[in-house]
Amino acid sequence: NRDVRNMFLMESFIMGLLGGICGVVLGIVGGQLFNFILNIIAHRLGGKSFQLFITPVWFALLTIFLSSLIGIISGLGPSIRASYLSPKEAFRSR
């Protein structure tokens, strides 16, 4: 029973972790792209280049940690319910 619960929790943790990593990467890439476009416009209009979007490392790590924690918390209910079923039934009814 504990193995089934741990497997469900690990799956929800990995989904939260990968979601957090993808979100941080997309946010950084999107922010850098937007900065690049704004700097081109500013340069053409005679202004100075600047960084509108920055991402501190601590913020990115905190975001990944929190998304992993949310994944674990959201997997608690289903993992506890699955631990009361037989392993065959638990994996069939997920």
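Above this note sits the structure.
None of the values given here were measured: they were computed from a predicted structure.

Conventions we followed
- Residues numbered from 1 in each chain as written.
- Predicted model: local features only at pLDDT ≥ 70, side-chain atom pairs only at ≥ 80, totals over all residues.
- Heavy atoms only, no water.
- Helix = DSSP H or I, 4+ residues; strand = E, 2+ residues; numbered from the N terminus.
- Buried < 20%, exposed > 50% of the residue type's maximum accessible area, 1.4 Å probe, protein only.
- Polar contact = N/O pair within 3.5 Å; in protein donor to acceptor, adjacent residues only side chain to side chain.
- Patch = residues over 30% accessible without salt bridge, like charges linked within 9 Å, V, L, I, M, F, W, Y side chains within 5 Å.
- Areas by Shrake-Rupley, 256 points an atom, 1.4 Å probe, with all protein chains shown as cover.
- Salt bridge = Lys/Arg side-chain N within 4 Å of Asp/Glu carboxyl O.
- Axes fitted to C-alpha atoms, helices over the stretch in contact; angles between N-to-C directions.
- Parallel < 35°, antiparallel > 145°, perpendicular 65-115°, else oblique.
- Left-handed = near helix turned anticlockwise from the far one by under 90°.
- Nonpolar A, V, L, I, M, F, W, Y, C, P; charged D, E, K, R; others polar.

J.: A description of the side chain of asparagine 35 should follow, citing residues and the corresponding values.
T.: Its location among the elements puts asparagine 35 in helix α1 (residues 2–44). You can call asparagine 35 buried: its relative accessible area is 2%. Reaching out from asparagine 35, the side chain makes a polar contact with the backbone nitrogen of leucine 52 at a distance of 3.0 Å.

J.: If you had to explain a nonpolar patch on the surface to someone new, which residues and values would you point to?
T.: A cluster of nonpolar side chains, Trp58, Phe59, Leu62, Phe65, Leu66, Leu69 and Ile73, forms an exposed patch at the surface whose accessible area comes to about 720 Å². Among the secondary structure elements, isoleucine 73 is positioned in helix α2 (residues 57–83). Judged by relative accessible area, which is 52%, isoleucine 73 ranks as exposed.

J.: Explain the packing of α1 against α2 to me, using residue names and the numbers behind them.
T.: When two helices pack together, their arrangement is given by the angle between the helix axes and the distance between those axes. It is at 7 Å that the axes of α1 and α2 come closest, and there the two elements cross at 155°. With respect to α2, the axis of α1 lies roughly antiparallel. Seen along the crossing, α1 lies across α2 with a hand that is right-handed. Taken together, the residues that form the contact of α1 with α2 break down as 13 nonpolar, 10 polar and one charged.

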